[in-house]
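Close look at the chain arrangement
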Amino acid sequence: MLADTLTMFLLLTVELTALFLLISYFVGVLQAYIPAATIQNILSGNKGKGYLVAGFLGAITPFCSCSTIPFLKGLLRANANFGSMMVFLFASPLLNPTIIGLLMFTFGLKVAVFYFMVSMTVAVIAGYLLDSFGFARYIRPEAYIAPNACAQKVSCCGEVQIISKWRQIAQTTWLDFKKVLPYLFVGIAIGSVIYGYMPTELVARLASDSNPFAIPVSAVIGIPLYIRAEALIPLSAALASKGMGLGAIMALIIGSAGASLTEVILLKSLFKHQMIVAFLGVVLSMAIGAGYLYSVLF
């Protein structure tokens, strides 16, 4: 168990650090070459269209829940519509193409289509409702401000040299990363311990068809159990073979993919507590609702 925990910690640390830096740099390049007004027009204007665009943007970006954060920061700094940003935040990790593909391969087309439709629908509705109820006021003011990477440096002879745009983006990326690094390490550490010490037999027993509370239990278990999609779906298949119901598996997948503990900790650097609670409420409701709906329909 200790070996599994340490291995998961090292793998997640390397993977998420690389992903965060690469995606942050990519977003910085986009911001440098695509005017903020263009992003605002795409994701604002007609809200219905903006929500759908944000949902499908999330579906085609192969981000996990944690690597969605730097892209979200870019949207915040471009002053995109709040509702559209929330749709992207919910949709991107849940509709990761890897998850959809593995679901189709492991559980069949019917399960994959059901998962896609539920995730997209709830993401759009949640974005609209959070925007309508004014949850934008729970974004931290500093989340809109990019770190100040100095565009000049003084040479040893006192001459002022202009730092290239690419280097400025790299500096901003590094400053962003240093700000979230404590959050990232804490989330990875907790998730790795849970992964290493939580036996699959216990999960399967708690979420078996004989337990009337199996679906909500699975949804709650899924959030601290941060696992990449490549491991989450095979794990779900193993749990199904041990007696876990497919409705509970649906709840586990949505809970784990949609709101990992690491992501929630990272979001604390962007959102106030009220918004964190609302975010968790949406993901848990989606996971539990999808689990029960799947059990009734199939």
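What comes next concerns the included structure.

1. Some details on empty space enclosed by the protein
Here the structure, examined in full by the defined rule, presents three cavities of 30 Å³ or more. L103, F107, V111, L246, I249, M250, I253 and Y294 together form the lining of the second largest cavity. Here the element with the most residues in the lining of the second largest cavity is helix α12 (residues 246-258); it accounts for four residues. For the lining of the second largest cavity, the per-class residue count stands at eight nonpolar, no polar and no charged.

2. Thoughts on the environment of Y128
Tracing the backbone through its elements, the reader meets Y128 in helix α7 (residues 109-132). Accessibility expressed as a relative area gives 45% for Y128, which makes it partly exposed. With 77 residues separating them in the primary sequence, Y128 and Y51 have C-alpha atoms 7.8 Å apart.

3. Considerations on helix α10 (residues 214-222)
Three or more residues of α10 are buried, namely A214, I215, S218, A219, I221 and G222. The buried side chains of α10 occupy one side of the element, clustering within an arc of 165 degrees when seen end-on.

4. What about the packing of α7 against α12?
Interhelical geometry of α7 versus α12 gives an angle of 45 degrees and a closest axis separation of 12 Å. Relative to α12, the element α7 is oriented oblique. Where α7 crosses over α12, the handedness of that crossing is right-handed. Touching V111, F114 and Y115 of α7 are M250, I253, I254 and A257, all from α12. Of the residues contributing to the contact of α7 with α12, the split by class is seven nonpolar, no polar and no charged.

The rules behind each value
- Residues numbered from 1 in each chain as written.
- Predicted model: local features only at pLDDT ≥ 70, side-chain atom pairs only at ≥ 80, totals over all residues.
- Heavy atoms only, no water.
- 1 Å grid on protein atoms, 1.4 Å probe; cavity = no way out; pocket = protein on both sides within 12 Å on 5 of 7 lines; lining within 4 Å.
- Points joined across faces, edges and corners; volume = space filled by probe spheres on them.
- Helix = DSSP H or I, 4+ residues; strand = E, 2+ residues; numbered from the N terminus.
- Nonpolar A, V, L, I, M, F, W, Y, C, P; charged D, E, K, R; others polar.
- Buried < 20%, exposed > 50% of the residue type's maximum accessible area, 1.4 Å probe, protein only.
- Arc of directions from axis to C-beta.
- Axes fitted to C-alpha atoms, helices over the stretch in contact; angles between N-to-C directions.
- Parallel < 35°, antiparallel > 145°, perpendicular 65-115°, else oblique.
- Left-handed = near helix turned anticlockwise from the far one by under 90°.
- Contact = heavy atoms within 4.5 Å.

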